[in-house]
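Residue strings, one per chain:
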Amino acid sequence: MAIQGPIPIGFDQVFPHGCYIVGEVEQVKDFDASSNGRTVYAKDKTTGELIWQVAVMDADPTVKAGQKTVAVKILSSVQPVPPAPLPGLPFTPVEFDHMTVTPYVGQNTGRLAWSIRARAMRAPRTVATPAKQSAAVAKEAAA
């Protein structure tokens with residue numbers, strides 16, 4: 001089979017309505033390697049980089065309430081820094097770069113689930129509205 005390991009995927013495919021940070025960025029513990037009060041932190045098996053995790057809320061209005069919050073794991077040698085909060089919003093919007101998903105069967109549910117990973121997080125890019133884009137294109141054409 002041609003698919004080996006994590007499947008590359010775009011942010012817009014995972015979160016077409018965007019997402020918001022609802023937790024702290026935390027380092028993921030390797031529970032198998034940790035013992036007797038000695039904490040060992042997880043590293044990616046392929047890159048050797050540390051694994052960090054942040055809880056995000058999916059902004060898709062059709063997602064059930066119990067499925068809105070998911071963890072995104074970020075591979076980075078240093079702790080990723082969330083984007084600055086925006087005034088007037090209770091949650092910070094965020095986007096992720098170089099995302100992958102890995103399917104697995106949940107032990108408690110027996111259902112298909114997805115492990116979501118990324119290489120970086122950042123503030124969302126602003127997208128010009130079609131009217132603004134048309135005006136900019138017309139202005140450039142006239143110049």
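Residues numbered from 1 in each chain as written. Predicted model: local features only at pLDDT ≥ 70, side-chain atom pairs only at ≥ 80, totals over all residues. Heavy atoms only, no water.

**Some words on the overall build of the protein**
Assigned secondary structure in the protein consists of two helices and nine strands. Listing every helix and strand of the protein by position from the N terminus yields β-α-β-β-β-β-β-β-β-β-α. Look at the contacts in the protein between residues 6 or more apart in sequence, and 61% of them connect residues 24 or more apart. Surface summary for the protein: the accessible area is close to 10100 Å², and the carbon and sulfur share equals 56%. (Helix = DSSP H or I, 4+ residues; strand = E, 2+ residues; numbered from the N terminus. Contact = heavy atoms within 4.5 Å. Areas by Shrake-Rupley, 256 points an atom, 1.4 Å probe, with all protein chains shown as cover.)

**What to know about the confidence of the model for the protein**
In the predicted model, the protein carries a mean pLDDT of 88, and the fraction of residues at 70 or more is 88%. No element of the protein has a lower mean pLDDT than helix α2 (residues 130-142), which averages 48, and none a higher one than strand β4 (residues 51-58), which averages 98. Scored below 50 in pLDDT, residues 128-134 shows one contact in the model against residues more than four places distant or in partner chains. (pLDDT = per-residue confidence, 0-100.)

**Comments concerning the pairing of strand β8 (residues 112-118)**
Taken together, the three bridges between strand β5 (residues 69-75) and β8 define a ladder with parallel strand orientation. Across the sheet, residue I74 finds its bridge partner in β8, namely A118. Sheet topology places strand β7 (residues 99-105) next to β8; six bridges connect them, and they run antiparallel. Counted as the bridge partner of Y104 is A113 from β8. Hairpin connection from β7 to β8: six residues lie between these consecutive antiparallel strands, with G110 at a positive phi of about 70°. (Pairing = 2+ DSSP bridges.)

**Some points on the pairing of β5**
In this structure, β4 lies alongside β5, joined through seven bridges in antiparallel fashion. Residue pairing for β5: I51 is matched across the bridge by L75.

**Considering the pattern of salt bridges**
Pairs may arise between side chains of opposite charge once their charged atoms sit close together. Applying the stated criterion to the full structure yields four salt bridges. In this structure, D44 engages R117 in a salt bridge whose closest nitrogen and oxygen atoms are separated by 2.7 Å. One end of the pair, D44, is in the loop between β3 (26-27) and β4; the other, R117, is in strand β8, with 73 residues separating them in the sequence. Among the residues examined, D44 registers a relative accessible area of 12% and is labelled buried. Ionic pairing is found between R122 and D97, a salt bridge with its closest N-O pair at 3.0 Å. A residue pair is termed long-range when its members are at least 10 positions apart, and R122 in strand β9 (residues 120-122) and D97 in strand β6 (residues 92-97) qualify at 25 residues. For the pair shown, R122 and D97 are each scored as buried. If you follow the salt bridges from partner to partner, you end up with E95, D97 and R122 in one network. (Salt bridge = Lys/Arg side-chain N within 4 Å of Asp/Glu carboxyl O. Buried < 20%, exposed > 50% of the residue type's maximum accessible area, 1.4 Å probe, protein only.)

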